Amino acid sequence: MTLDDLRVFVAVCRAGSLSAVARDLGCTQSAVSQHVRRLEKQTGTGLLERHARGVVPTEAGRILQAAAADGIAGLDGALRRVDELVHGGGTVRVTTGATTVRHFMSEAVVTFRRNHPEVSLEFQTENSSRSCFDALAADDLDLAWITIGGPVRGIEQRPVMRLPWVLAVGADDPLAARARLDPADLAGIRHIRLPENSASRAHLDAAFAEAGIRVSSDTSVADWDTALLLAELGLGHAVVPALPGWQVPGSDGPLRLVPIPALPPLAVGWAVRRWAALAPPALGFADEVARSCRARAAGQQ
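Keep in mind the model is a prediction, meaning the values are calculated, not measured.

### With respect to a nonpolar patch on the surface
Residues Leu229, Leu233 and Leu235 make up a contiguous nonpolar surface patch of about 280 Å² in total accessible area. By the secondary structure assignment, Leu235 is in the loop between helix H8 (224-232) and strand S10 (238-241). On the basis of relative accessibility, which here comes to 41%, the residue Leu235 falls in the partly exposed class.

### Describing the pattern of salt bridges
Enumeration over the complete set of coordinates arrives at twelve salt bridges. Residues Asp5 and Arg38 are paired through a salt bridge, measuring 3.0 Å at the closest nitrogen-oxygen approach. Highlighted residues: Asp5 in helix H1 (residues 3-15) and Arg38 in helix H3 (residues 29-43), separated in sequence by 33 residues. Arg38 sits in the partly exposed class, given a relative accessible area of 39%. In this structure, the salt-bridge partner of Arg102 is Asp225, at a minimum N-O distance of 2.0 Å. A residue pair is termed long-range when its members are at least 10 positions apart, and Arg102 in helix H5 (residues 100-115) and Asp225 in helix H8 qualify at 123 residues. On the accessibility criterion, Arg102 (49% relative accessible area) is partly exposed.

### Some words on the pairing of strand S9 (residues 216-220)
Here strand S8 (residues 190-193) runs beside S9; their pairing, made up of three bridges, is parallel. By the bridge assignment, Ile192 is partnered in S9 with Thr219. In this region the chain leaves S8, passes through helix H7 (residues 199-211) and returns to the parallel neighbour S9; the handedness of that crossover is right-handed.

### So, the environment of Leu75
Note that Leu75 resides in helix H4 (residues 59-87). Separated by 65 residues in the primary sequence, Leu75 and Asp140 place their C-alpha atoms 9.0 Å from one another.

### Looking at the nonpolar core
Grouped together as the largest cluster of nonpolar side chains are 59 residues, with contacts concentrated most on Phe104, Leu143, Leu167, Val239, Trp270 and Phe285. Counting 19 residues, the second-largest nonpolar core is a separate cluster that includes Cys13, Leu18, Leu48 and Ala68.

### What about the layout of surface pockets?
One number sums up the size of the largest pocket: a volume of about 490 Å³. Lining the largest pocket are 21 residues, with Gln65, Ala66, Arg130, Asp134 and Ala137 sitting closest to its centre. If you list the elements that add at least two residues to the lining of the largest pocket, you get H1, H4 and helix H6 (129-138). No other element matches H6, which puts six residues into the lining of the largest pocket. Considered class by class, the residues forming the lining of the largest pocket number ten nonpolar, three polar and eight charged.

### What about H7?
Between its first and last C-alpha, H7 extends 18 Å over 13 residues, near the 18 Å set by a 1.5 Å rise per residue. Within H7, the full set of buried residues consists of Ser200, Arg201, Leu204, Ala207 and Phe208. One side of H7 holds all its buried residues, which, seen down the axis, span an arc of 130°. Every exposed residue of H7 that faces more than 90 degrees away from the buried side is listed here: Ala209 and Glu210. Following H7 by one or two positions, Gly212 adopts a phi angle in the positive range, close to 70°.

### Details of the sheet that holds S10
Ordered in space as S10-S7-S11, the three strands form an open sheet in which the pairing is antiparallel. The sheet is open, and its two edges are formed by S10 and strand S11 (255-259), each paired on a single side. Between one strand and the next, the sheet's axes are offset by a mean angle of 35°, whatever the strand orientation. Inspection of the sheet shows strand S7 (residues 165-170) paired to S10 by four bridges, in the antiparallel sense. Paired with Ala168 across the two strands is Ala238, which belongs to S10.

Criteria and thresholds
Residues numbered from 1 in each chain as written. Predicted model: local features only at pLDDT ≥ 70, side-chain atom pairs only at ≥ 80, totals over all residues. Heavy atoms only, no water. Patch = residues over 30% accessible without salt bridge, like charges linked within 9 Å, V, L, I, M, F, W, Y side chains within 5 Å. Areas by Shrake-Rupley, 256 points an atom, 1.4 Å probe, with all protein chains shown as cover. Salt bridge = Lys/Arg side-chain N within 4 Å of Asp/Glu carboxyl O. Helix = DSSP H or I, 4+ residues; strand = E, 2+ residues; numbered from the N terminus. Buried < 20%, exposed > 50% of the residue type's maximum accessible area, 1.4 Å probe, protein only. Pairing = 2+ DSSP bridges. Right-handed = clockwise from strand over helix to strand, strands pointing away. Core = buried A, V, L, I, M, F, W, Y, C linked by side-chain atoms within 4.5 Å. 1 Å grid on protein atoms, 1.4 Å probe; cavity = no way out; pocket = protein on both sides within 12 Å on 5 of 7 lines; lining within 4 Å. Points joined across faces, edges and corners; volume = space filled by probe spheres on them. Nonpolar A, V, L, I, M, F, W, Y, C, P; charged D, E, K, R; others polar. Expected span 1.5 Å × (residues − 1). Arc of directions from axis to C-beta. Axes fitted to C-alpha atoms, helices over the stretch in contact; angles between N-to-C directions.

Pasting the structure below:
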């Protein structure tokens, strides 16, 4: 069993495909299979199940994948930090959703780059908090910006801010004139649903269920910005978190954002493998983003 065997195996489990990993590594599918076979020979059991659409780890494979991913990620991070210690500079690698940088990090990115010109920033896009957790565990990443949820094995979560919910609705809608809404007021809306499998959607669905609210929906979106656009076009009502820097449009605008204070706010923040193991540049960037978000939120109050 070699480190390369484990790296390839973890990559195959994540991709669900031997051929995809072979393309990424610039080698043959047979070479990828050899790495897996060596692990199966040493463990004495099958680690992958082959299906029409690819491969999935067996129960034994899942155990090995989890342990190997944790170990490889920690080793890669340590080697990178040693290199930065020797040569200076460094890179902060962040995984997050498609629109997160604009909404939560834009000011922090500018400030951080101005104060640390020798440090590079790299962003990897994922489509859900779950995907961010998987990427954080499997890849050489420092930070993930996520919707805070329940405990996740091998991951430490740190809330940065709590986002209140608002109803985004066209200016000519009867609800647009309200100063605030109660959950019961949402029972009749034509709901634009938040992204499938997202933590924000699960959070909102749970809040609706607890309040006994049923909403109809024939539209769903991939991100919060699209939900706002569809609401502005009059295609429905979007219940979305109030993001830092958002301003409620004026009376002559096409969209209204009406507060729903009774809905439990959505916590967002950072996730890492281990805070104590983060290099100083990554810690500095995380702190700068938190400071910027809190300052913008305070400015809206």
